[in-house]
Amino acid sequence: IFSMLRIQIPHYLYLVLRYAALMYLFVKYIKTARHQKYIYLMIAGYGVVLVFSTLQNGMGINNAISAFSYIIQIVDTYFLISSTKISSQKKAKSIFGVLLFLSLITDVMIVVLPYDVTAPAVQYLVGTKFTVSYVHCLMICLFEYYDINWGVKHKSLYYVLLVGSVIITRLVNCSTGTVMCALIFLLHIIPLRLWKSLCNWKAVAIVSIAITVLLFGEMTVLNNDTFINTVTRIFNKNVNLTGRTYIFRYLPVVIARKPWIGYGYYNSVVAIYMGTEGANPQNGFMKIIMDSGFFGLAFYIGLMFSSIVNTAKHYEKLYPLYIFFYVMLIVSAIEINLTGGLFFLIMAMIYSSAKELSIEDQKQADYSSAPRKRKRIRFKRIRG
(Lines give C-alpha, C1' and ligand atoms only; values in the text may rest on other atoms or scores of the structure.)
Protein backbone atom coordinates (compact mmCIF):
# COMPACT_ATOMS: atom_id res chain seq x y z
CA ILE A 1 0.00 0.00 0.00
CA PHE A 2 2.90 2.33 0.74
CA SER A 3 4.21 1.72 -2.79
CA MET A 4 0.90 3.01 -4.20
CA LEU A 5 0.92 6.37 -2.44
CA ARG A 6 1.89 9.50 -4.34
CA ILE A 7 3.28 11.60 -1.52
CA GLN A 8 5.60 14.55 -1.92
CA ILE A 9 8.92 13.26 -0.62
CA PRO A 10 12.28 13.16 -2.44
CA HIS A 11 12.39 10.27 -4.88
CA TYR A 12 15.64 8.83 -3.55
CA LEU A 13 14.29 8.90 0.00
CA TYR A 14 11.19 7.08 -1.21
CA LEU A 15 13.36 4.43 -2.88
CA VAL A 16 15.47 3.96 0.26
CA LEU A 17 12.35 3.51 2.42
CA ARG A 18 10.74 1.18 -0.12
CA TYR A 19 13.77 -1.07 -0.65
CA ALA A 20 14.58 -1.14 3.07
CA ALA A 21 11.02 -2.25 3.91
CA LEU A 22 10.98 -4.88 1.17
CA MET A 23 14.32 -6.41 2.17
CA TYR A 24 13.47 -6.32 5.90
CA LEU A 25 10.28 -8.31 5.31
CA PHE A 26 12.04 -10.66 2.92
CA VAL A 27 14.81 -11.50 5.41
CA LYS A 28 12.34 -11.79 8.29
CA TYR A 29 10.01 -14.29 6.60
CA ILE A 30 12.33 -16.14 4.18
CA LYS A 31 12.38 -19.22 6.46
CA THR A 32 8.65 -19.71 5.93
CA ALA A 33 9.12 -20.22 2.18
CA ARG A 34 9.85 -23.93 2.69
CA HIS A 35 6.19 -24.51 3.57
CA GLN A 36 4.96 -23.32 0.15
CA LYS A 37 7.84 -24.25 -2.14
CA TYR A 38 5.81 -24.46 -5.36
CA ILE A 39 4.36 -20.95 -4.93
CA TYR A 40 7.77 -19.35 -4.46
CA LEU A 41 9.31 -21.46 -7.22
CA MET A 42 6.80 -19.93 -9.66
CA ILE A 43 7.53 -16.41 -8.40
CA ALA A 44 11.28 -17.02 -8.66
CA GLY A 45 10.96 -18.36 -12.21
CA TYR A 46 8.87 -15.36 -13.25
CA GLY A 47 11.42 -13.03 -11.65
CA VAL A 48 14.45 -14.65 -13.27
CA VAL A 49 12.90 -14.38 -16.73
CA LEU A 50 11.83 -10.77 -16.14
CA VAL A 51 15.21 -9.58 -14.85
CA PHE A 52 17.11 -11.51 -17.54
CA SER A 53 14.90 -10.04 -20.26
CA THR A 54 15.45 -6.54 -18.88
CA LEU A 55 19.23 -6.95 -18.96
CA GLN A 56 19.22 -8.81 -22.30
CA ASN A 57 17.31 -5.99 -23.98
CA GLY A 58 19.79 -3.39 -22.70
CA MET A 59 17.32 -1.51 -20.54
CA GLY A 60 19.95 -0.65 -17.93
CA ILE A 61 20.77 -1.61 -14.39
CA ASN A 62 18.13 0.72 -12.90
CA ASN A 63 15.32 -1.11 -14.69
CA ALA A 64 16.81 -4.44 -13.64
CA ILE A 65 16.85 -3.33 -9.99
CA SER A 66 13.25 -2.14 -10.33
CA ALA A 67 12.28 -5.53 -11.79
CA PHE A 68 14.04 -7.29 -8.91
CA SER A 69 12.29 -5.15 -6.27
CA TYR A 70 8.97 -5.82 -8.03
CA ILE A 71 9.50 -9.56 -7.61
CA ILE A 72 10.55 -9.12 -3.98
CA GLN A 73 7.30 -7.21 -3.40
CA ILE A 74 5.31 -10.17 -4.76
CA VAL A 75 7.22 -12.54 -2.48
CA ASP A 76 6.69 -10.28 0.54
CA THR A 77 2.97 -10.11 -0.20
CA TYR A 78 2.68 -13.90 -0.03
CA PHE A 79 4.94 -13.96 3.05
CA LEU A 80 2.79 -11.51 4.98
CA ILE A 81 -0.57 -12.91 3.94
CA SER A 82 0.14 -16.64 4.21
CA SER A 83 2.99 -16.98 6.70
CA THR A 84 1.98 -14.99 9.76
CA LYS A 85 -0.07 -16.40 12.64
CA ILE A 86 -2.89 -13.88 12.29
CA SER A 87 -6.01 -15.30 10.62
CA SER A 88 -6.99 -14.24 7.10
CA GLN A 89 -10.22 -12.69 8.37
CA LYS A 90 -8.31 -10.40 10.72
CA LYS A 91 -5.88 -9.51 7.92
CA ALA A 92 -8.82 -8.68 5.67
CA LYS A 93 -10.30 -6.47 8.38
CA SER A 94 -6.98 -4.63 8.82
CA ILE A 95 -6.48 -4.12 5.08
CA PHE A 96 -10.08 -2.96 4.73
CA GLY A 97 -9.54 -0.38 7.49
CA VAL A 98 -6.40 0.97 5.85
CA LEU A 99 -8.02 1.13 2.41
CA LEU A 100 -11.12 2.83 3.83
CA PHE A 101 -8.96 5.45 5.56
CA LEU A 102 -6.95 6.15 2.39
CA SER A 103 -10.08 6.15 0.23
CA LEU A 104 -11.84 8.71 2.41
CA ILE A 105 -8.85 11.06 2.21
CA THR A 106 -8.51 10.50 -1.53
CA ASP A 107 -12.22 11.06 -2.17
CA VAL A 108 -12.25 14.30 -0.18
CA MET A 109 -9.20 15.52 -2.11
CA ILE A 110 -10.88 14.63 -5.41
CA VAL A 111 -13.92 16.72 -4.50
CA VAL A 112 -12.03 19.65 -2.98
CA LEU A 113 -8.83 20.00 -5.00
CA PRO A 114 -8.85 21.24 -8.62
CA TYR A 115 -7.71 18.03 -10.32
CA ASP A 116 -7.79 17.96 -14.11
CA VAL A 117 -9.88 14.80 -14.45
CA THR A 118 -9.68 14.98 -18.25
CA ALA A 119 -5.96 14.19 -18.09
CA PRO A 120 -5.58 10.37 -18.01
CA ALA A 121 -2.21 10.50 -16.23
CA VAL A 122 -3.26 12.74 -13.33
CA GLN A 123 -2.02 11.38 -9.97
CA TYR A 124 -4.31 11.22 -6.94
CA LEU A 125 -3.23 10.21 -3.44
CA VAL A 126 -3.27 6.48 -4.18
CA GLY A 127 -2.26 6.74 -7.84
CA THR A 128 -4.02 7.14 -11.17
CA LYS A 129 -7.78 6.99 -11.70
CA PHE A 130 -7.43 3.25 -12.33
CA THR A 131 -5.73 2.65 -8.98
CA VAL A 132 -8.43 4.74 -7.29
CA SER A 133 -11.03 2.43 -8.84
CA TYR A 134 -9.16 -0.76 -7.94
CA VAL A 135 -8.79 0.34 -4.31
CA HIS A 136 -12.50 1.12 -4.00
CA CYS A 137 -13.53 -2.18 -5.59
CA LEU A 138 -11.20 -4.22 -3.38
CA MET A 139 -12.56 -2.40 -0.34
CA ILE A 140 -16.12 -3.44 -1.26
CA CYS A 141 -15.17 -7.10 -1.68
CA LEU A 142 -13.15 -7.19 1.55
CA PHE A 143 -16.14 -5.80 3.41
CA GLU A 144 -18.35 -8.59 2.10
CA TYR A 145 -15.66 -11.18 2.85
CA TYR A 146 -15.44 -10.00 6.44
CA ASP A 147 -19.24 -9.91 6.68
CA ILE A 148 -19.83 -13.55 5.70
CA ASN A 149 -17.01 -14.80 7.94
CA TRP A 150 -17.46 -12.64 11.03
CA GLY A 151 -20.69 -10.71 10.49
CA VAL A 152 -21.23 -6.95 10.70
CA LYS A 153 -23.97 -4.89 12.30
CA HIS A 154 -24.57 -2.41 9.49
CA LYS A 155 -24.87 -4.50 6.32
CA SER A 156 -26.32 -1.56 4.40
CA LEU A 157 -22.79 -0.15 4.41
CA TYR A 158 -22.04 -2.52 1.51
CA TYR A 159 -24.38 -0.60 -0.77
CA VAL A 160 -23.10 2.73 0.56
CA LEU A 161 -19.58 1.69 -0.41
CA LEU A 162 -20.76 0.46 -3.81
CA VAL A 163 -22.73 3.60 -4.69
CA GLY A 164 -19.95 5.84 -3.35
CA SER A 165 -17.41 3.99 -5.49
CA VAL A 166 -19.55 4.47 -8.61
CA ILE A 167 -19.75 8.21 -7.89
CA ILE A 168 -15.97 8.46 -7.44
CA THR A 169 -15.24 6.56 -10.65
CA ARG A 170 -17.45 9.01 -12.53
CA LEU A 171 -15.82 12.02 -10.85
CA VAL A 172 -12.37 10.87 -11.97
CA ASN A 173 -13.75 9.98 -15.41
CA CYS A 174 -12.80 6.28 -15.15
CA SER A 175 -15.24 4.21 -17.20
CA THR A 176 -13.29 1.07 -16.36
CA GLY A 177 -13.93 1.66 -12.66
CA THR A 178 -17.65 2.15 -13.24
CA VAL A 179 -17.83 -1.11 -15.18
CA MET A 180 -15.98 -2.85 -12.35
CA CYS A 181 -18.53 -1.64 -9.81
CA ALA A 182 -21.35 -2.92 -12.03
CA LEU A 183 -19.61 -6.30 -12.34
CA ILE A 184 -19.18 -6.49 -8.56
CA PHE A 185 -22.91 -5.93 -8.08
CA LEU A 186 -23.84 -8.53 -10.71
CA LEU A 187 -21.51 -11.13 -9.22
CA HIS A 188 -22.82 -10.28 -5.76
CA ILE A 189 -26.43 -11.13 -6.61
CA ILE A 190 -25.88 -14.38 -8.51
CA PRO A 191 -27.00 -17.51 -6.59
CA LEU A 192 -24.49 -18.84 -4.11
CA ARG A 193 -24.64 -22.37 -5.54
CA LEU A 194 -23.08 -21.10 -8.79
CA TRP A 195 -19.96 -20.06 -6.91
CA LYS A 196 -19.19 -23.73 -6.30
CA SER A 197 -18.34 -23.92 -9.98
CA LEU A 198 -16.83 -20.44 -10.26
CA CYS A 199 -14.41 -20.92 -7.32
CA ASN A 200 -12.51 -23.42 -9.42
CA TRP A 201 -9.34 -23.21 -11.49
CA LYS A 202 -11.18 -24.64 -14.51
CA ALA A 203 -13.64 -21.73 -14.53
CA VAL A 204 -10.75 -19.28 -14.20
CA ALA A 205 -9.01 -20.96 -17.14
CA ILE A 206 -12.13 -20.64 -19.30
CA VAL A 207 -12.50 -16.93 -18.47
CA SER A 208 -8.80 -16.31 -19.13
CA ILE A 209 -8.96 -18.00 -22.53
CA ALA A 210 -12.17 -16.14 -23.38
CA ILE A 211 -10.74 -12.67 -22.73
CA THR A 212 -7.62 -13.56 -24.73
CA VAL A 213 -9.73 -14.68 -27.69
CA LEU A 214 -11.80 -11.52 -27.30
CA LEU A 215 -8.62 -9.48 -27.76
CA PHE A 216 -8.19 -10.74 -31.32
CA GLY A 217 -11.90 -10.75 -32.11
CA GLU A 218 -12.55 -7.13 -31.28
CA MET A 219 -14.01 -6.33 -34.69
CA THR A 220 -16.89 -8.76 -34.09
CA VAL A 221 -17.63 -7.09 -30.77
CA LEU A 222 -17.34 -3.58 -32.14
CA ASN A 223 -19.95 -4.29 -34.81
CA ASN A 224 -22.54 -5.07 -32.15
CA ASP A 225 -25.15 -2.29 -31.90
CA THR A 226 -25.67 -2.72 -28.15
CA PHE A 227 -21.94 -2.41 -27.52
CA ILE A 228 -21.67 0.69 -29.72
CA ASN A 229 -24.57 2.42 -27.93
CA THR A 230 -23.16 1.57 -24.50
CA VAL A 231 -19.69 2.88 -25.30
CA THR A 232 -20.70 6.02 -27.16
CA ARG A 233 -23.81 7.16 -25.30
CA ILE A 234 -23.34 6.01 -21.70
CA PHE A 235 -19.57 6.32 -21.29
CA ASN A 236 -18.97 8.97 -23.98
CA LYS A 237 -16.09 6.98 -25.49
CA ASN A 238 -15.20 6.32 -29.09
CA VAL A 239 -15.87 2.93 -30.65
CA ASN A 240 -12.18 2.01 -30.89
CA LEU A 241 -12.01 2.01 -27.05
CA THR A 242 -9.68 5.03 -26.85
CA GLY A 243 -7.24 3.60 -29.39
CA ARG A 244 -7.07 0.11 -27.90
CA THR A 245 -8.20 -1.66 -31.06
CA TYR A 246 -5.33 -0.06 -33.00
CA ILE A 247 -2.86 -1.29 -30.38
CA PHE A 248 -4.34 -4.81 -30.48
CA ARG A 249 -3.59 -4.98 -34.21
CA TYR A 250 0.08 -4.23 -33.54
CA LEU A 251 0.54 -6.75 -30.71
CA PRO A 252 0.97 -9.96 -32.78
CA VAL A 253 3.70 -8.31 -34.84
CA VAL A 254 5.50 -6.96 -31.77
CA ILE A 255 5.27 -10.22 -29.81
CA ALA A 256 6.44 -12.33 -32.77
CA ARG A 257 9.81 -10.57 -32.74
CA LYS A 258 10.69 -11.63 -29.19
CA PRO A 259 8.14 -14.23 -28.14
CA TRP A 260 10.09 -16.17 -25.51
CA ILE A 261 11.53 -13.60 -23.09
CA GLY A 262 9.84 -10.38 -24.22
CA TYR A 263 11.28 -6.87 -24.08
CA GLY A 264 11.97 -6.38 -20.36
CA TYR A 265 10.38 -4.69 -17.38
CA TYR A 266 8.32 -1.60 -18.24
CA ASN A 267 9.47 -1.44 -21.84
CA SER A 268 8.13 1.20 -24.23
CA VAL A 269 7.99 -0.92 -27.38
CA VAL A 270 4.27 -0.36 -27.99
CA ALA A 271 4.71 3.39 -27.57
CA ILE A 272 7.51 3.34 -30.15
CA TYR A 273 5.43 1.35 -32.61
CA MET A 274 2.39 3.56 -32.10
CA GLY A 275 4.36 6.80 -32.03
CA THR A 276 2.40 7.81 -28.92
CA GLU A 277 4.03 8.51 -25.59
CA GLY A 278 2.84 6.28 -22.78
CA ALA A 279 1.07 3.70 -24.95
CA ASN A 280 1.03 0.15 -23.55
CA PRO A 281 -0.44 -3.25 -24.56
CA GLN A 282 -3.79 -2.42 -22.84
CA ASN A 283 -4.28 -6.06 -21.93
CA GLY A 284 -3.21 -7.92 -18.79
CA PHE A 285 -1.84 -11.11 -20.31
CA MET A 286 -0.31 -9.28 -23.27
CA LYS A 287 1.53 -7.01 -20.82
CA ILE A 288 3.09 -10.08 -19.19
CA ILE A 289 4.11 -11.47 -22.59
CA MET A 290 5.54 -8.11 -23.66
CA ASP A 291 7.62 -7.88 -20.47
CA SER A 292 8.79 -11.48 -20.03
CA GLY A 293 7.62 -13.47 -23.05
CA PHE A 294 5.85 -16.81 -23.03
CA PHE A 295 8.39 -18.18 -20.53
CA GLY A 296 7.41 -15.52 -18.03
CA LEU A 297 3.72 -16.06 -18.80
CA ALA A 298 4.10 -19.78 -18.04
CA PHE A 299 5.50 -19.05 -14.57
CA TYR A 300 2.84 -16.38 -13.98
CA ILE A 301 0.03 -18.79 -14.88
CA GLY A 302 1.65 -21.42 -12.65
CA LEU A 303 1.56 -18.94 -9.76
CA MET A 304 -2.04 -17.92 -10.44
CA PHE A 305 -3.44 -21.45 -10.63
CA SER A 306 -1.40 -22.78 -7.72
CA SER A 307 -2.93 -19.97 -5.64
CA ILE A 308 -6.51 -21.03 -6.40
CA VAL A 309 -6.28 -24.77 -7.06
CA ASN A 310 -7.70 -26.03 -3.72
CA THR A 311 -10.48 -23.52 -3.11
CA ALA A 312 -13.66 -25.00 -4.61
CA LYS A 313 -14.84 -26.77 -1.45
CA HIS A 314 -14.65 -23.53 0.56
CA TYR A 315 -16.58 -21.42 -1.94
CA GLU A 316 -19.17 -20.25 0.62
CA LYS A 317 -16.51 -18.31 2.53
CA LEU A 318 -14.17 -17.37 -0.32
CA TYR A 319 -16.52 -16.09 -3.02
CA PRO A 320 -16.17 -12.35 -2.08
CA LEU A 321 -12.43 -12.60 -2.74
CA TYR A 322 -13.21 -14.33 -6.01
CA ILE A 323 -15.53 -11.48 -6.98
CA PHE A 324 -12.62 -9.05 -7.02
CA PHE A 325 -10.41 -11.68 -8.68
CA TYR A 326 -12.90 -12.21 -11.52
CA VAL A 327 -13.60 -8.51 -11.94
CA MET A 328 -9.88 -7.79 -12.32
CA LEU A 329 -9.54 -10.74 -14.69
CA ILE A 330 -12.40 -9.55 -16.90
CA VAL A 331 -11.21 -5.95 -16.95
CA SER A 332 -7.71 -7.15 -17.91
CA ALA A 333 -9.12 -7.54 -21.44
CA ILE A 334 -8.64 -3.78 -21.80
CA GLU A 335 -6.26 -2.86 -18.94
CA ILE A 336 -2.79 -3.84 -17.69
CA ASN A 337 -3.92 -4.67 -14.15
CA LEU A 338 -2.71 -8.26 -13.72
CA THR A 339 0.81 -7.17 -12.81
CA GLY A 340 -0.35 -4.72 -10.13
CA GLY A 341 0.16 -5.25 -6.41
CA LEU A 342 -3.57 -5.54 -5.63
CA PHE A 343 -4.02 -8.54 -7.94
CA PHE A 344 -1.15 -10.39 -6.27
CA LEU A 345 -2.65 -9.41 -2.92
CA ILE A 346 -6.02 -10.97 -3.75
CA MET A 347 -4.36 -14.15 -5.05
CA ALA A 348 -2.34 -14.43 -1.84
CA MET A 349 -5.48 -13.92 0.26
CA ILE A 350 -7.40 -16.61 -1.63
CA TYR A 351 -4.48 -19.00 -1.22
CA SER A 352 -3.99 -18.26 2.47
CA SER A 353 -7.71 -18.40 3.33
CA ALA A 354 -8.20 -21.72 1.56
CA LYS A 355 -5.16 -23.17 3.30
CA GLU A 356 -6.45 -22.10 6.72
CA LEU A 357 -9.89 -23.56 6.03
CA SER A 358 -8.33 -26.85 4.89
CA ILE A 359 -6.31 -27.03 8.11
CA GLU A 360 -9.46 -26.44 10.16
CA ASP A 361 -11.30 -29.18 8.24
CA GLN A 362 -8.44 -31.59 8.84
CA LYS A 363 -8.44 -30.83 12.57
CA GLN A 364 -12.18 -31.46 12.77
CA ALA A 365 -11.79 -34.70 10.82
CA ASP A 366 -9.01 -35.88 13.12
CA TYR A 367 -11.09 -34.99 16.16
CA SER A 368 -14.14 -36.83 14.82
CA SER A 369 -12.14 -39.97 13.99
CA ALA A 370 -10.19 -40.02 17.26
CA PRO A 371 -11.24 -42.86 19.63
CA ARG A 372 -13.26 -41.71 22.62
CA LYS A 373 -12.24 -42.78 26.12
CA ARG A 374 -15.11 -44.49 27.84
CA LYS A 375 -15.77 -43.57 31.42
CA ARG A 376 -15.57 -46.57 33.71
CA ILE A 377 -18.63 -47.13 35.86
CA ARG A 378 -17.90 -48.47 39.33
CA PHE A 379 -20.50 -50.65 41.08
CA LYS A 380 -20.55 -50.98 44.82
CA ARG A 381 -20.98 -54.43 46.29
CA ILE A 382 -24.00 -54.62 48.58
CA ARG A 383 -23.66 -56.92 51.52
CA GLY A 384 -26.48 -58.68 53.35
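See the structure shown above.
Residues numbered from 1 in each chain as written. Predicted model: local features only at pLDDT ≥ 70, side-chain atom pairs only at ≥ 80, totals over all residues. Heavy atoms only, no water.

**Structural notes on unusual backbone geometry**
- Positive phi is not limited to glycine here, since asparagine 173 has a value of about 60 degrees.
- Topologically, asparagine 173 is positioned in the loop between α6 (157-171) and α7 (175-189). (Helix = DSSP H or I, 4+ residues; strand = E, 2+ residues; numbered from the N terminus.)

**Digging into the nonpolar core**
- Tyr322, Phe325 and Phe343 are the most contacted members of the largest nonpolar core, which totals 105 residues.
- A total of 13 residues in this core trace back to one element, the largest contributor, which is helix α15 (residues 315-331).
- Beyond its immediate chain neighbours, meaning those up to four positions away, phenylalanine 325 contacts Val204, Met304, Ile308, Phe343, Ile346, Met347 and Ile350. (Core = buried A, V, L, I, M, F, W, Y, C linked by side-chain atoms within 4.5 Å. Buried < 20%, exposed > 50% of the residue type's maximum accessible area, 1.4 Å probe, protein only. Contact = heavy atoms within 4.5 Å.)

**Some thoughts on the environment of phenylalanine 185**
- Of note, phenylalanine 185 is situated in helix α7.
- By relative accessible area, which is 33% here, phenylalanine 185 ends up partly exposed.
- When the C-alpha atoms of phenylalanine 185 and isoleucine 323 are compared, they prove to be 9.3 Å apart, with 138 residues separating the residues in sequence.
- The contact partners of phenylalanine 185, leaving out residues within four places of it in the chain, are Tyr159 and Leu162.

**Some thoughts on the packing of aromatic side chains**
- The tally for this structure, following the rule as stated, stands at 21 aromatic pairs.
- Ring geometry for phenylalanine 325 versus tyrosine 326: centroids 6.1 Å apart, planes at 85 degrees, classification edge-to-face. This pair shows no difference in class: phenylalanine 325 is buried, exactly as tyrosine 326 is.
- By way of ring pairs, the aromatic residues Tyr46, Tyr70, Tyr265, Tyr266, Tyr300 and Phe344 are connected into one cluster.
- Lysine 287 extends its terminal NZ or CZ atom over the ring of tyrosine 266, reaching a point 4.7 Å from the ring centre. (Phe/Tyr/Trp six-rings, centres within 6.5 Å; stacked < 30°, edge-to-face > 60°. Lys NZ or Arg CZ within 6 Å of the ring centre and 35° of its normal.)

**Things to note about α15**
- In a regular helix each residue adds 1.5 Å, so 17 residues correspond to 24 Å; α15 covers 22 Å between its end C-alpha atoms and thus fits that length.
- Of all the bends in α15, the greatest measures close to 40 degrees and is centred on leucine 321. (Expected span 1.5 Å × (residues − 1). Bend = angle between axes of the 7 residues up to and from the residue.)

**Regarding the side chain of serine 352**
- By the secondary structure assignment, serine 352 is in helix α16 (residues 341-369).
- In contact with serine 352, not counting residues within four places along its chain, are Ile81, Ser82, Ser88 and Lys91.

**Focus on a nonpolar patch on the surface**
- Side chains of Val108, Val111, Val112, Leu113, Val163, Ile167 and Leu171 sit close together on the surface and give an oily, nonpolar patch of about 630 Å² of accessible area.
- Among the elements of the structure, α4 (88-112) and α6 are those that each provide at least two residues to the nonpolar patch.
- Considering the arrangement of structural elements, one finds leucine 113 in the loop between α4 and α5 (129-150). (Patch = residues over 30% accessible without salt bridge, like charges linked within 9 Å, V, L, I, M, F, W, Y side chains within 5 Å. Areas by Shrake-Rupley, 256 points an atom, 1.4 Å probe, with all protein chains shown as cover. Salt bridge = Lys/Arg side-chain N within 4 Å of Asp/Glu carboxyl O.)

**Some words on the packing of α4 against α6**
- Viewed as axis vectors pointing N to C, α4 and α6 meet at an angle of 40 degrees, and their least axial separation amounts to 11 Å. By the angle between their directions, the pair α4 and α6 is classed as oblique. Judged by the sense of rotation from one axis to the other, the crossing of α4 with α6 is left-handed. Between α4 and α6, the residues in contact are Phe96, Leu100, Asp107, Ile110 and Val111 and Leu161, Ile168 and Leu171, respectively.
- Its residues assigned to classes, the contact of α4 with α6 comprises seven nonpolar, no polar and one charged. (Axes fitted to C-alpha atoms, helices over the stretch in contact; angles between N-to-C directions. Parallel < 35°, antiparallel > 145°, perpendicular 65-115°, else oblique. Left-handed = near helix turned anticlockwise from the far one by under 90°. Nonpolar A, V, L, I, M, F, W, Y, C, P; charged D, E, K, R; others polar.)

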